[in-house]
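# Observations on chain architecture
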Amino acid sequence: PRGPAHVMATNPTYGNNDLPLQQNSGGPIKETPAQLEGGFQCGNIPFTGIPLAVHKLFPAYIVLSSIVGFIDATTEAGLLNMLIVGPVLFSTVLVHELGHCAGTFYTGGRVAGILLWPLGGLAFVGSSGEARHNLLISLAGPATHLPQSLFWLMMLAAGNQGDVSMTLQGDFGPDLCRQAIIINISLLLFNLCVPAYPLDGGQIFVSSLLLCGVGVNTVAPITLGVSATLSVAIISLGIYLWNFMAVFVGLWVLYQNYQLYQCVKEGRLEQHPLFAKYVQGGGDGGGVRGGDAGRGGSSEAAGGRPGSTSISGALGGGGRV
């Protein structure tokens, strides 16, 4: 499934965006990341003040997926597919990203905006640099799929005389609800059970190891090995199932971990978007203090301030990276 990932400077591919963060100062960040400026600007999300942008390829993805759906099925099935890959997936990923934003606000961080793109969504956030905060922010996105699933289950029961069977029966409304439930459960499991950086599961994996006292210089290569192996598995599964979205997700994860490999190899973890905040001395657990942090010090991008910029997101494949 295509959906949300989490990169603190996290989800899909964008590294640290160098947004300044004062610890325990909440609210939207005034600076606008370049990735947001390059997409279609949709204004601020009501009641939050968070800027929303849509990547220029996202509408194209919806259109192409809808066309394929109409070609391979009946008109009604094609329309159902269009609603699923369009409004339903759009809203599902957006709520996932808002979950990351809510977690960021709760921990005293700041949010620069949300970008929706073909592989899911990205929430540009500034965190305090503590592993426990990163863990909460990472979990907050996938957690939104529980109430979303419950909402669609209630809609299914209300529109299908109390029948909540998940078997597709050819009824447009009930099948729309069933597909929405499947998307949400798939994204929940994908983001929690695949510990590959920079997906949410990878963020949770890293934060958990740090909280258990494992050192940064140990966590980084472990993360690299697990994530690289899983990315190859995702690519292989995508090829086997002819699921090109899964292949793209796997390639993206592999590329992100190649960048991590370069940082590990050259001893510059303080420049990596995920590990920089821990190397700088923020974070929890015995692994982020003193000499264990490797070269240490505060990165120039962070300006010596506590905390760092991140991206949290939803990732998926057909769907917080």
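Scroll up to find the structure this text is about.
Residues numbered from 1 in each chain as written. Predicted model: local features only at pLDDT ≥ 70, side-chain atom pairs only at ≥ 80, totals over all residues. Heavy atoms only, no water.

### What about the pattern of salt bridges?
We count it as follows: A pair is scored as a salt bridge if a Lys or Arg side-chain nitrogen falls within 4 Å of a carboxyl oxygen belonging to Asp or Glu. Three labels apply to residues, based on accessible area from a 1.4 Å probe with only protein chains included: buried if under 20% of the type maximum, exposed if over 50%, partly exposed otherwise in between.
Following the criterion strictly, the structure yields three salt bridges and no others. Residue E130 is joined to R132 by a salt bridge in which the shortest nitrogen-to-oxygen separation is 2.7 Å. Of the residues examined, R132 reaches a relative accessible area of 45% and is grouped as partly exposed. In this structure, the salt-bridge partner of R268 is E266, at a minimum N-O distance of 2.5 Å. According to the relative accessible area criterion, E266 is partly exposed, its value standing at 43%.

### Section: the side chain of H100
Worth spelling out the cut-off: Here a helix means four or more residues in a row that DSSP labels H or I, a strand means two or more in a row labelled E, and each is numbered from the N terminus. Within 3.5 Å is the distance limit for a polar contact, defined as a pair of N or O atoms, with the added protein rule that one can donate a hydrogen and the other accept it, and that residues adjacent in sequence qualify only through two side-chain atoms.
Its location among the elements puts H100 in helix α3 (residues 75-106). Of note is the side chain of H100, whose polar atom sits 2.7 Å from the backbone oxygen of I137.

### Some details on helix α8 (residues 216-241)
Since one α-helical turn is 3.6 residues long, residues separated by three or four positions face the same way. Going by this rule: To estimate how far a helix should extend, the number of its residues minus one is multiplied by 1.5 Å. Whether two residues touch is decided by their heavy atoms; if any such pair falls within 4.5 Å, the residues are in contact.
For α8, built from 26 residues, the straight-helix expectation of 38 Å at 1.5 Å per residue is met to within 8% by its first-to-last C-alpha distance of 37 Å. Turning to α8, its buried residues are V216, V219, A220, T223, L224, S227, S231, I234, I235 and G238. For α8, the secondary structure elements touched by its buried residues are α7 (200-211), α9 (244-265) and α10 (276-279).

### Points about the environment of L150
The topology assignment puts L150 in helix α5 (residues 145-159). Between the C-alpha atoms of L150 and N184, which are 34 residues apart in sequence, the distance is 9.7 Å.

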